[in-house]
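Residues per chain, in single letters:
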Amino acid sequence: YGFDDDGAGVHDVIGSRCDPYTHLLLSPETEEQKVTCCHSNLTRQAVRDGLSEDDVHDVLNVFMCTGFTREGQRYFTKPSPVEVGDYLEFLAETDLLVSASTCPQGDVSTACAGGGEPVVYPLGVEVWKLKDEKYLETEGWKSSVISQYT
């Protein structure tokens, strides 16, 4: 997809997930503080997994179409150009606990809790294990180097 004429691209890490705290700051006139959002979805799953809200980490917004306006550099979202059958593949270098949230706002062309009926699509997840544990090594893959932060 690259970047479109508006400067939008997909699979961003520049924006976080919507959360009820930011929503309250941006829309203080809204009495409803329990906004349905990805942060709430991820937190509910973390609690089911024996964790807390503090354990919900950063997100990768896959298939979301986002960018910054050319004038003013304001973050924006628009309908995703993704089509049925599009997919991403990830390689886990360590054991992970992963949670997914399909955006409760739908295709993110409307602001979080902006009203209206969301356009939503199903999300499938498949987890695979390599048959040959040495395959990646024989193909030249090397494990990431652990950071030396002190």
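For the structure given in this document, a descriptive report is provided here.

Thresholds, definitions, all that
- Residues numbered from 1 in each chain as written.
- Predicted model: local features only at pLDDT ≥ 70, side-chain atom pairs only at ≥ 80, totals over all residues.
- Heavy atoms only, no water.
- Helix = DSSP H or I, 4+ residues; strand = E, 2+ residues; numbered from the N terminus.
- Buried < 20%, exposed > 50% of the residue type's maximum accessible area, 1.4 Å probe, protein only.
- Contact = heavy atoms within 4.5 Å.
- Areas by Shrake-Rupley, 256 points an atom, 1.4 Å probe, with all protein chains shown as cover.

1. Digging into the overall build of the protein chain
Looking only at helices and strands, the protein chain features three helices and three strands. Mapped in sequence order, the helices and strands of the protein chain form the string β-α-α-β-β-α. A burial count over the protein chain gives 24% of its 150 residues as buried. Look at the contacts in the protein chain between residues 6 or more apart in sequence, and 58% of them connect residues 24 or more apart. On the protein chain, roughly 12200 Å² of surface is accessible, and the fraction owed to carbon and sulfur atoms is 54%.

2. Quick look at unusual backbone geometry
Even without being a glycine, Phe-63 presents a positive backbone phi close to 65 degrees. Along the chain, the position of Phe-63 falls in strand S2 (residues 61–68).

3. As for helix H2 (residues 38–48)
Residues of H2 that are buried include every one of Cys-38, His-39, Ser-40, Leu-42, Thr-43 and Ala-46, and no others. Buried residues along H2 sit in contact with helix H1 (20–26).

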